[in-house]
Amino acid sequence: MATTELAKAYEPKDVESRWYPVWEKAGYFVADPASGKPRFSIVIPPPNVTGSLHIGHAFTLTLQDVTVRWKRMSGFDTLWLPGLDHAGIATQMVVERQLAKEGKKKEDLGREAFEARVWKWKEESGGRILNQLRIMGYSLDWTRERFTMDPGMSRAVREVFVQLWEQGLIYRGYYIVNWCPRCVTALSDLEVETETEPGQLWHIRYPEKDGGPGIVVATTRPETLLGDTAVAVHPDDERHRRLIGRPVLLPVLGREIPVVADTFVDREFGTGAVKITPAHDPNDFLAAQRLGLPAINIMDERAVLNENAGPYAGQDRFEARKGIVAQLEREGLLVKTEPYQVPLGRCQRCGTIVEPRLSRQWFVKMQPLAEPAIAAAEDGRIGFVPESWTKTYFEWMRNIRDWCISRQLWWGHRIPAWTCAKCDELVVAREAPASCPKCGGGELVQETDVLDTWFSSGLFPFSTLGWPDKTVDLQRYYPSDVMMTGYDILFFWVARMIVLGMRFAGDVPFPVVFLNGLVRDEHGDKMSKTKGNDVDPLELVARHGTDAVRFTMTALGAPGTNPALSEQRLAGYRAFINKLWNASRFLLMNLEGERAPSYVFEELPLPSRWILSRQQELARKVREALTEFRFDQAASELYHFVWDEFCDWYIEIAKSYFPDPVEGPRTRAVLLEVLEKTLRMLHPVIPYVTEEIWQRLPHEGESIMVAPYPQPEADKYDVEDEAAMGRVMRLVTAIRTLRATYEVDRKRRIDVTVVAPQEKDSTFITAHGALVRHLAGLGEFLVVAHAPDTQPTSPLGAAAPGFLREAVDGVELRVAMAGLFDVAAEKARLTKELGKIEGEMASLKGKLDNPQFVERAKPEVVSQARHRVEELTEKKAKVAATLRELDRAS
Ligand SMILES: [Zn+2]
Ligand SMILES: [Zn+2]
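For clarity, every value in this text was computed on a predicted model and none was experimentally measured.

A. Focus on the pattern of salt bridges. Per the counting criterion, the structure on display carries 65 salt bridges. In this structure, Arg-630 engages Asp-632 in a salt bridge whose closest nitrogen and oxygen atoms are separated by 2.8 Å. A relative accessible area of 15% means that Asp-632 is categorised as buried.

See below:
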């Protein structure tokens, strides 16, 4: 392809929409089991069909795409399998809201028509996020896209359910679950948001039958007392010992309930006596099981009190609360009421206060399934990055509770269980049975519950590959190579994939689990819609371009941290991409037909050998960082190489070689080689801009996406060259710093003497004198062993009048001040600046010493002021030191 000029300014919009369709059409994203290459396989954490891209997706999926693109360029046949989760409750609510606008409820349609309606919604508006993943440039194999409700995955779900049932690992039983009376379903812990809210604590007396004082209990939910079946106290609590084993009278209903002893009672809470309501509190449910107490359910599925609630039957739970409190007060049983901070769980979907409810649900027995999963982490078949998660994993797995997998929804995988209308036999089967296997009856009623969404996503690593059939894909791509996701779904998803993968696909689903943190706002606070500090990644893309957002996400990818995302960082990385663009544009405009490197490494001047050697080191470091999931390090290495070493140093040096008939072409060849390879190294992070530039450079192959990832080349590695160039750069930097400190005009040539008492130093500096002179803009450049004014008391000597000096790498630089600047004027300027600094400091300190200011001002204003004082202190020290230097020198 002919090289053509790049646009003057980099406009992400012009570039980024162009490449994705080209790549997709060329089939670069598609895995090929017959490729003969080694394979690299990974599955996406399937986003919800109702979802749209949020910053959490953008973070975790960018790190995945960086990994996948890097592996693909490194010669692997890569499979990154995309999919969508049917998101039972979220999706059902979306469609219910639609129906509500038409004045309908799902019951008006009936189950089948409602399901059809959800499918229709899915076809028309579901999966918007998939298109957003394309905008982000993610190289997913769309030919293998799956949906957790598609026929293949539904078949896998039924197969796993039936096998678990046959193995005795699924059972049906009564249990306390989180219940949303608005959504009318059980919720998993994940679907409940618990926050402390202001409430009240009511102290209620349960008298004795014979009129004795009885016992006082404290509760935040007085209406539940109607379901009490005991009062519990700590066995060692002297206050209540007398009553243990004796009955007290339940207020309102007058039922006799026993006082029991159990060590779970917290003596410090309230009066040290707690009411036991087994059907409406998870801890009480467990206590009741231990103590053999009955459970009385007092509410229906919509939290309306039922026939067990006596006079309050038919009332809503909160209405009943008011009535009961009033009645207790009338009867003198309300001892006191106090304000109290109540931890309150709300339904994540609708905000309704969750009611713990005893109900019949389906469960998976987790302990037998967890054992092999624990062993796999113990013997290293599964490892966690960061490693600290191993402990959390073990703690959870070793104390695992049975998994409530049933949900009272219409959207999801309906549980494949039928009850015979004639003999009540429960039949679990892969397909609907024609007749009852026990009595032959033909009327079988299917279970109405569906499965928890995580049940199907727990099968994702193998159900997406065709399991239970032994497909080519399953054999080639299972287990995958790594699981990358946010740590917030370690238990809900990752642990369940491990458990189910080991049971059903015969092996751990992945040998490594990489858990990234959660992106915070620039102050380090958790992002949330309610707080309004959440960030829409597509809005960031609109402002800065996809590549800048991707670079930012990669740079934030330090394992074990919750990184803070700031506008400043985004702008900084956007500037980086501009810098790369401008450097490429400069090179393209200066090429004179150079295509391939044509040089002998050893014959190149030091700066060219240095940049080539630095690039090998870069290739080594980036590869190492990516292997260890240190995305932040990979980004930082690439950034500094491009910005500092390549653009700021090498391009500046290279320009001076261009006119030379021998060095010119060789230097351009080196520039071209370094740029082209750097683009390939950057491609996994910033795919669009690198493809755009790469296509204009002389290159091999049709796309940078499938070009080889650069490996370090041993014959271009030279540690000594790197050290030598490093020393030259430090020398030049020291001279530049002197110039900057005294504000010497950039174009003005200055004279420098280097005092180098050691011969090896003077030899080195003399050898590289021309380079130093060029880079530092020098006139006279002298290297001497001793300066004439050296005093014997000091090894390097004090500065002679008329010199500025700077020590670097064992030598002293002396800059003749004569005529460089007006010393008196410079001293006056600095003295004035010092005065200004001191004035501002005094005013700030005055404020900070005032307790009223510190108390009343916003915390960020106070911390800003403190920060400014620190800045000023530093500045003051610098200016004062320069002034002293000028005093000595003049
Ligand atoms: Zn709800
Ligand atoms: Zn039957």
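Still more to cover.
B. How the structure looks around the sheet that holds strand 13 (residues 334-347). As summarised here, the arrangement of the 3 strands in space is 8-7-13, forming an open sheet in which the pairing is antiparallel. In this open sheet, the two edge strands, each paired with only one partner strand, are strand 8 (215-219) and strand 13. Across the sheet, the axes of successive neighbouring strands diverge by a mean angle of 20°, strand direction being ignored. As defined by bridge partners, strand 7 (residues 192-206) adjoins strand 8 across 5 bridges and the pair is classed as antiparallel. Residue pairing in the sheet places His-203 in a bridge with Ala-218 of strand 8.

C. View of the coordination of the zinc ion (ligand 1). At 2.2 to 2.4 Å from the zinc ion (ligand 1) lie its protein donor atoms, namely Cys-180 (SG), Cys-183 (SG), Cys-347 (SG) and Cys-350 (SG). Note that the zinc ion (ligand 1) binds 4 donor atoms; their angles at the metal cover 102 to 115°, and the shape is tetrahedral. For the zinc ion (ligand 1), all donor residues lie on one chain, and their spacing in sequence is C-x2-C-x163-C-x2-C. For the residue pair Cys-180 and Cys-183, the accessibility class agrees, reading buried in each case.

D. The coordination of the zinc ion (ligand 2), seen in detail. For the zinc ion (ligand 2), the full set of protein donor atoms is Cys-420 (SG), Cys-423 (SG), Cys-436 (SG) and Cys-439 (SG), and the range of their distances to it is 2.2 to 2.3 Å. Considering all 4 donor atoms around the zinc ion (ligand 2), the spread of angles at the metal, 101 to 114°, places the coordination shape in the tetrahedral class. All donor residues of the zinc ion (ligand 2) come from one chain, and their arrangement in sequence is C-x2-C-x12-C-x2-C. Here Cys-423, found in the loop between strand 18 (417-420) and strand 19 (426-428), pairs with Cys-436, found in the loop between strand 19 and strand 20 (444-446); they are 13 residues apart in sequence, far enough to count as distant. For Cys-423, a relative accessible area of 26% corresponds to the partly exposed category.

E. Layout of the nonpolar core. In terms of nonpolar packing, the biggest core is built from 220 residues, with Leu-133, Phe-455 and Phe-646 touching the most fellow members. For Phe-455, the residues in contact, after removing those within four places along its chain, are Val-157, Val-160, Phe-161, Leu-164, Val-364, Trp-403, Ile-405 and Leu-500. Membership of the second largest hydrophobic core comes to 29 residues, among which are Val-231, Leu-243, Ala-303 and Leu-333.

F. Main features of the side chain of Arg-39. In this fold, Arg-39 is placed in strand 1 (residues 39-43). A polar contact is formed between the side chain of Arg-39 and the side chain of Asp-481, at a distance of 3.0 Å. Not counting chain neighbours up to four residues away, the residues in contact with Arg-39 comprise Phe-76, Asp-77, Arg-476, Tyr-477, Tyr-478, Pro-479, Ser-480 and Asp-481.

G. How the structure looks around the sheet that holds strand 12 (residues 273-276). Ordered in space as 10-11-9-12, the 4 strands form an open sheet in which the pairing is mixed. Two strands in the sheet have a free side with no partner beyond their single neighbour: strand 10 (247-249) and strand 12. When the angles between neighbouring strand axes are averaged without regard to direction, this sheet yields 35°. Summarising the sheet, strand 9 (residues 230-233) and strand 12 pair through 4 bridges and their orientation is antiparallel. By the bridge assignment, Ala-230 is partnered in strand 12 with Ile-276.

H. Focus on the environment of Arg-398. Secondary-structure assignment places Arg-398 in helix 11 (residues 389-398). With relative accessibility at 48%, the residue Arg-398 sits in the partly exposed group. As for Arg-398 and Glu-371, which are separated by 27 residues in sequence, their C-alpha atoms are 8.1 Å apart. Excluding its chain neighbours within four sequence positions, the residues that come into contact with Arg-398 are Ile-374 and Glu-378.

I. Focus on a positive patch on the surface. Residues Arg-97, Lys-101, Lys-105, Arg-182 and Arg-302 make up a contiguous surface patch of positive charge. Along the chain, the position of Arg-97 falls in helix 3 (residues 88-101).

The rules behind these values
Residues numbered from 1 in each chain as written. Chains lettered and ligands numbered in written order. Predicted model: local features only at pLDDT ≥ 70, side-chain atom pairs only at ≥ 80, totals over all residues. Heavy atoms only, no water. Salt bridge = Lys/Arg side-chain N within 4 Å of Asp/Glu carboxyl O. Buried < 20%, exposed > 50% of the residue type's maximum accessible area, 1.4 Å probe, protein only. Pairing = 2+ DSSP bridges. Helix = DSSP H or I, 4+ residues; strand = E, 2+ residues; numbered from the N terminus. Axes fitted to C-alpha atoms, helices over the stretch in contact; angles between N-to-C directions. Donors = N, O, S within 2.8 Å, 3.2 Å for Na, K, Ca; no water. Tetrahedral: all angles 85-135°; square planar, octahedral: opposite > 155°, others 65-115°. Core = buried A, V, L, I, M, F, W, Y, C linked by side-chain atoms within 4.5 Å. Contact = heavy atoms within 4.5 Å. Polar contact = N/O pair within 3.5 Å; in protein donor to acceptor, adjacent residues only side chain to side chain. Patch = residues over 30% accessible without salt bridge, like charges linked within 9 Å, V, L, I, M, F, W, Y side chains within 5 Å. Areas by Shrake-Rupley, 256 points an atom, 1.4 Å probe, with all protein chains shown as cover. Lys, Arg positive; Asp, Glu negative; His and termini not counted. Charge placed at Lys NZ, Arg CZ, Asp CG, Glu CD.

Function cannot be inferred from these measures alone, as they are strictly geometric.
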